[in-house]
Every structure is written in C-alpha cells, then in structure tokens.
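Structural overview for review
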Amino acid sequence: MKDGFIKVGAAALPLTVADVTGNAEIIRERMIQADGLGLNLVVFPELCVTGYSCGDLFYSDVLQRSAMDALESLTAATEGLYPVAVIGLPVRYRGKLYNCAAVLRDGHCLGIVPKVHLPNHGEFYEQRQFSSGADLPASAAVMVRGEPVPMGTDLLFAHETLDNYTFGVEICEDMWAPDPPCRTLCENGALIIANLSASDEVIGKAEYRRTLISATSGRLACGYIYCAAGPEESTQDMVFSRHNLIAENGAILAENKPFGDKVFTVTEIDVNKLANERHHNTTIADDGDDACIVPFAQPIRETALTRYVARNPFVPADDDELNARAEAILQIQSQGLAKRMRHAWAKTAVIGISGGLDSTLALLVAVRAMKLLDRPMTDVVAVTMPCFGTTKRTKSNAVTLCELLGVTLMEVNITKSVLQHFEDIGQDPNTLDVTFENAQARERTQVLMDIANKTGGIVVGTGDLSELALGWATYNGDHMSMYGVNASVPKSLVRYIVRHEAMTAAPELAAVLYDILDTPVSPELLPVDKSGDMSQKTEDLVGPYELHDFFLYHMLRFGAGPKKIFRLCRYAYGGDYDDRTILHWLRTFVRRFFIQQFKRSCLPDGPKVGTVTLSPRGDWRMPSDASSRIWLDEVAELEKEYGIA
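What comes next concerns the included structure. For clarity, every value in this text was computed on a predicted model and none was experimentally measured.

Take the overall build of the chain next. The helix and strand tally for the chain stands at 20 helices and 22 strands. Overall size of the chain, expressed as C-alpha extent along the three principal axes, is 100 × 55 × 40 Å. In the chain, which comprises 645 residues, the proportion classed as buried is 56%. Across the chain, the fraction of contacts at a sequence separation of at least 24, relative to all contacts at a separation of at least 6, is 74%. Of the side chains in the chain, 61 bear a positive and 83 a negative charge, and the two mean positions are spaced by 4 Å.

Looking now at the environment of A511. The topology assignment puts A511 in helix α14 (residues 507-517). In this structure A511 comes out as partly exposed when scored by relative accessible area, which is 46%. When the C-alpha atoms of A511 and N397 are compared, they prove to be 9.7 Å apart, with 114 residues separating the residues in sequence.

By definition, a disulfide links two cysteine residues through a covalent bond between their sulfur atoms. Scanning all chains against the criterion turns up zero disulfides. For C54, which is in no disulfide, the shortest distance to another cysteine sulfur is to C48 and amounts to 12 Å. For C54, a relative accessible area of 6% translates into the label buried. As a non-bridged cysteine, C172 has C227 as the owner of its nearest cysteine sulfur, 11 Å distant.

Let's shift gears to the nonpolar core. Formed by 91 residues in total, the largest nonpolar core has its most connected members in L337, L363, F551 and F593. With 10 residues, helix α8 (residues 357-372) is the single largest residue contributor to this core. In contact with L337, other than residues within four places in its own chain, are V365, A366, A369, I458, V460, Y483 and V485. Residues F44, C54, L81 and F130 belong to the second largest nonpolar core, which totals 49 residues.

Across the sheet, seven strands lie side by side as β15-β14-β13-β12-β11-β10-β17; this open sheet has mixed pairing. In the strand order of this sheet, the two ends are held by β15 (251-256) and β17 (292-296), each with one partner. For this sheet, the mean angle separating the axes of adjacent strands, direction not counted, is 20 degrees. Sheet analysis places strand β12 (residues 192-197) next to strand β13 (residues 223-228), joined by six bridges and oriented parallel. Paired with L196 across the strands is C227, a residue of β13. Set on the sheet, helix α5 (residues 205-219) makes contact with β13, β14 (244-248) and β15; between it and β14 the angle comes to about 30 degrees.

Let us look at the packing of aromatic side chains. A complete count under the given rule lists 20 aromatic pairs for this structure. Counting every residue linked through ring pairs, the aromatic cluster contains F551, F589, F593, F594, W620 and W631.

Moving on: the pairing of strand β8 (residues 141-144). The side-chain alternation of β8 yields one buried face, formed by V142 and V144, and one unburied face, formed by A141 and M143. Bridge count between β8 and strand β9 (residues 147-150): four bridges; the pairing is antiparallel. Counted as the bridge partner of V142 is V149 from β9.

Direction vectors running N to C along α8 and helix α9 (residues 392-405) enclose 10 degrees, while the axes themselves pass 12 Å from each other. Accordingly, the angle class assigned to the pair α8 and α9 is roughly parallel. In this structure, α8 contributes T360, L363, L364 and V367 to the contact, and α9 contributes L401, C402 and L405. Split into classes, the residues belonging to the contact of α8 with α9 amount to six nonpolar, one polar and no charged.

Moving on to helix α2 (residues 61-77). Counted at 1.5 Å a residue, the expected span for α2 with its 17 residues is 24 Å, and the 24 Å between its end C-alpha atoms agrees. Listing the buried residues of α2 in full gives L63, Q64, A67, A70, L71, L74 and T75. Looking straight down α2, one finds its buried side chains confined to an arc of 130 degrees; they lie on one side. Opposite the packed face of α2, turned more than 90 degrees from it, sit the exposed residues V62 and D69.

Conventions and cut-offs
- Residues numbered from 1 in each chain as written.
- Predicted model: local features only at pLDDT ≥ 70, side-chain atom pairs only at ≥ 80, totals over all residues.
- Heavy atoms only, no water.
- Helix = DSSP H or I, 4+ residues; strand = E, 2+ residues; numbered from the N terminus.
- Buried < 20%, exposed > 50% of the residue type's maximum accessible area, 1.4 Å probe, protein only.
- Contact = heavy atoms within 4.5 Å.
- Lys, Arg positive; Asp, Glu negative; His and termini not counted.
- Charge placed at Lys NZ, Arg CZ, Asp CG, Glu CD.
- Disulfide = S-S within 2.5 Å.
- Core = buried A, V, L, I, M, F, W, Y, C linked by side-chain atoms within 4.5 Å.
- Pairing = 2+ DSSP bridges.
- Axes fitted to C-alpha atoms, helices over the stretch in contact; angles between N-to-C directions.
- Phe/Tyr/Trp six-rings, centres within 6.5 Å; stacked < 30°, edge-to-face > 60°.
- Parallel < 35°, antiparallel > 145°, perpendicular 65-115°, else oblique.
- Nonpolar A, V, L, I, M, F, W, Y, C, P; charged D, E, K, R; others polar.
- Expected span 1.5 Å × (residues − 1).
- Arc of directions from axis to C-beta.

In structure tokens, the structure reads:
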C-alpha cells in the first residue's frame, strides 16, 4: 500500500454447480490463502457461492437460503484476515432475485452490489431468474450478521486513510454494455474496478475480452480486476476457462490465460499513478456526489512488488514493437521537419554533424524529410567543425556517413576562431573550464546559423530530451536551432532508433552506424588525450543516461517523488546499481532538473513524439526559478535511511 501500490488478486475456484456448502468451504480456503499472500483486495468469480449455471434452480428457496447462510459464514470467516474479499452470490430483496457481489472485510459485509445489465441471448438467460440492480430503491439494504448492509449499484468502497485506494464493482455483462457501471463508478472516484464474471469460452472471445479490459482500464484511467469462472463449472453447452486478467491504464499487468492453472492471478495496481493520470486527463468527469461512499479500514503495509517495472521505460521490450516505434518516431520527426522546411521556404537543412548519436539521428531524419519533399539529398548541408576535442574516429564516421547518404558536406575548423575569441575576452586557453567548453559550443552554433543564412536554409537542432532534462546544453549554443527534431526523444531511445536504421541499411552504411553506436557519448569540448582519444565522456560527468531517463519518466509521466522513484529504480535494476549510486545520480538529476529550467523555457519548436516532453508551449510549464528544496529533502531522507552520507 505504501507509494500507492495495492496488491490485488483474482482467485480461481474449482466449484461445483449448486453445491453451496462445498463452494463456501473452497472460498473460505482461498480467502485464507489470499491473507497469506498479503493481498489487499481479492476478487472471486460471478455467483461463485452457488455456481453460475444453476438455471431455474435459482428459483429454489433452498438454494437462495443456503447462499445467504454461506454469506453469513463467509463474512464471519473474514474476521482477522487482511484482504478485502469480493464474492458472488444471488440475493433476494423484496421478492426479487439479484445477481450480486458482496464485499467482505474483517467480519463485516461492507456492501452488496447487484448486476445491472442482464443478458438474454445465446446461452445466457439471466433475465429469466434475475432482476436488474437498476430497479433497486436507493435505500435498499439487507441484514448480514445482524447488521444492515447497503445494497446498490452506486457503492464506492474507500479506504479510511489512503485517499486513492477506492474501488467499485461491476459484474460480467456490465462491462460489455454500451454504458457500463464502471464509467459512473470511475467518475465518482473509483480507481479500481472489480469484475466478477462467468464469461464462457468460444473461439476469438479471449482476445476480445483481453482487448476490452485493456481498453476499459485505459479509457477510464483505472485498475481493472477481472475474475472468471473456471472449467469446473462447465455444464451443458457452456465451457468456462478461468481467464483471469488484471489491467492498469491500458496495460495488462497479469493474466491467467484460458484454461491456465494459476490459483491466484496477482499483481500490484498503482493507484497513485492512476490518480496522477486522472489529474492530467480532464475529460474524465468528477461526479462524486452521486456515489454512496462505504469506508473500510485496512492496516497500511509496505507492499512487496512483483509487477514488471521497465528499466528503460521509453524503450519497448519487444523487438517488433521497438522497431515499429522507431519507425513511427522517424516518420513523426521527418514529417515535422518537412512541414517546417516547406512553410519556411527553406532551401537547405543545416546540421552540425559530430559523429555522435544525436547528430546522426538528426541527419537520418533530414534525409527522410528530403525524400518526403522530393528534393535532392544535397539540400541537406552537414557541417563538421573539428576543434580541440575532435577525435579521428568521430570525424571519420561523420565524413563517411555524409558521403554514403549523399548529403552536402562542409568542414569548418573552428580552432582558430575559438582561440581568437579566447584572446578577445582574456581567456587562458590552458584553463579547461566552462568558458573553454561553451565558447566552442557557441562558435559551432554561430557557424551553423551563418551557413543557414548563406544557403537560405534553417538550422536543425540535434539535442535530445535527456540532455534538455539535465540542462546538458550550452545556452545560445547547441541549445538553439530553428527546429529541434530530437527534442522529445530520450537518449536511451535515440540509440535504438539509430540501430533500427542500421538494421535495414546497406552494409557500408550499417557498418558506420554500428560504430557510431559503439562510440561513447561526448560533447568533445575538452582536448583529446595523448593517444588522440576522447578525454570527455558525458556519462562520467552527469551519470548513466539510463538512470536519468528512468527518473525523468516517472517524475514527469506520473508525478512520482524521489522516494517512489528510488524504490522503483532499485526494483527495476535488481542490484545492477547499488543504493549509493542510484541516490547520487538521483540527487544530481533533481538538482540539475530544477536549476536548468530556464533553458527549457525558451526552447525552439520540435516534434512531440511521446507522452513525456519538455516543450514550454504545453507539455511542461514550470517556473524557471522554482525551488527544488522539498524534492532534495526527500533525497536527503533516503540517504539518511540507507546510511549514505
């Protein structure tokens, strides 16, 4: 529960149709097992107390009374157990029978939620025995263990102290309806939906079910627990498959595939992340006044994480998906650049080419843009500007890359002009300070701007999202361009996009691209060493980009603070970085992110390719002089907790 992680589960039950006594015993055993697993919330299948396929046996007083007796005994059985349990059973109220879900916690029945949309097609004829919960009066209640229990479709179950731990319930067909109860429940504040189901298995239905649950959780920015009847309930023409699914905001977190053998399908739903998503998504209405809030208590524990947390959240783990994303990003970048060139009547696209990853990607994008514009590759003007830190390897790769792509290549050695500038401002060329470095970066930009003027073109920026987050750009140097094609592409993804191009390139071009991929990231602003190799490596100075991209994603995408980011990072990297290293670079990230906002407040245009961007025109509006104190205080608390000075 700490940091908003709610451990949830869907329980599989080997039920027997109409054997209420036996089914109740199995449910009781599962609730004890759920307690052992530390589940906050466990969901059982639709009508699990009786079995779904009882047909006209639901008219039987014996079956109905037995179900209510089971509810009494199962409610009592939850006393002293940790989980909230949601079970399915028929409930009679004022002469009508309802297909219901009962929510149980620590010896109490918190509420009973009836099904609204009753099927009456194919093999499902619920309207024959059951009434819709939509017809219940607002004051409906039933007695369980001597206590009146609210019964209605508007019940919202909310933890007494954790604001975001709220859930609602719908039942099977409800989800398939055009206007499902989950819509209203989520508008009323539910961040988790529990669905008790008895959906039978036919060809193609599993994929449709999976898509529907994923889409529902994404559309409503909620967690969704779907618990289905198992094959033990199969009877007559229906076969059930135990297809249990748990989704969060459009992603399937856990699944027991049809006819799978998982007793519990378990994961953690991050309700704080969902709440942050709701905060951003203003199209989800807030109609909380329509809900009947049912509070419940549950001791707060630190939930052990089992869910997948990506090391590189910007990079898809699946190769096919990664290649598809790389291609999509290249298309967005090149289409955006083509539009800018067309609108500006630009004759050329001028790019500073260094032999590094960022300028390589920008060059590849420019080549694609020229193809879209049906213009010659020579309209791309690539400029290499060797100076003190340029290595033979990077210069050679830059030149070869340009020759193979057929673009116009220019070399402007800026050494003399930089030395002249040092003399003009009284800078000792042997003092390797920030002035030494930034004078070169600004000279490069001046050269590019002047060449763009001379050729009637625009300067294409090469800086990426990760550099912008850290402020790793020289103000009025590489910080400036007429269009920054990489502005919303993080460093960890730049590498994979270049690799994607290399995989489909001709052998000679592929060889150059692969060597660029193997070259350490460097601005090449400090003199080479005695062997002519680069002496300046970016990640030695600001830290591993994979960590910074991880920090950036979770802070911007979901509003996570340092404590949660640190916890997720430790879990995702599984010991590859020790606590001291993670906290060191987390402190660096927070400090630099705040003090460098002024650079981001005046960024050039650039194409948005993902949900995490830093454009000041819409995606990230932050005061340039905001204090980082409370964020750094959290880092300090972590350092103290883990004994790191």
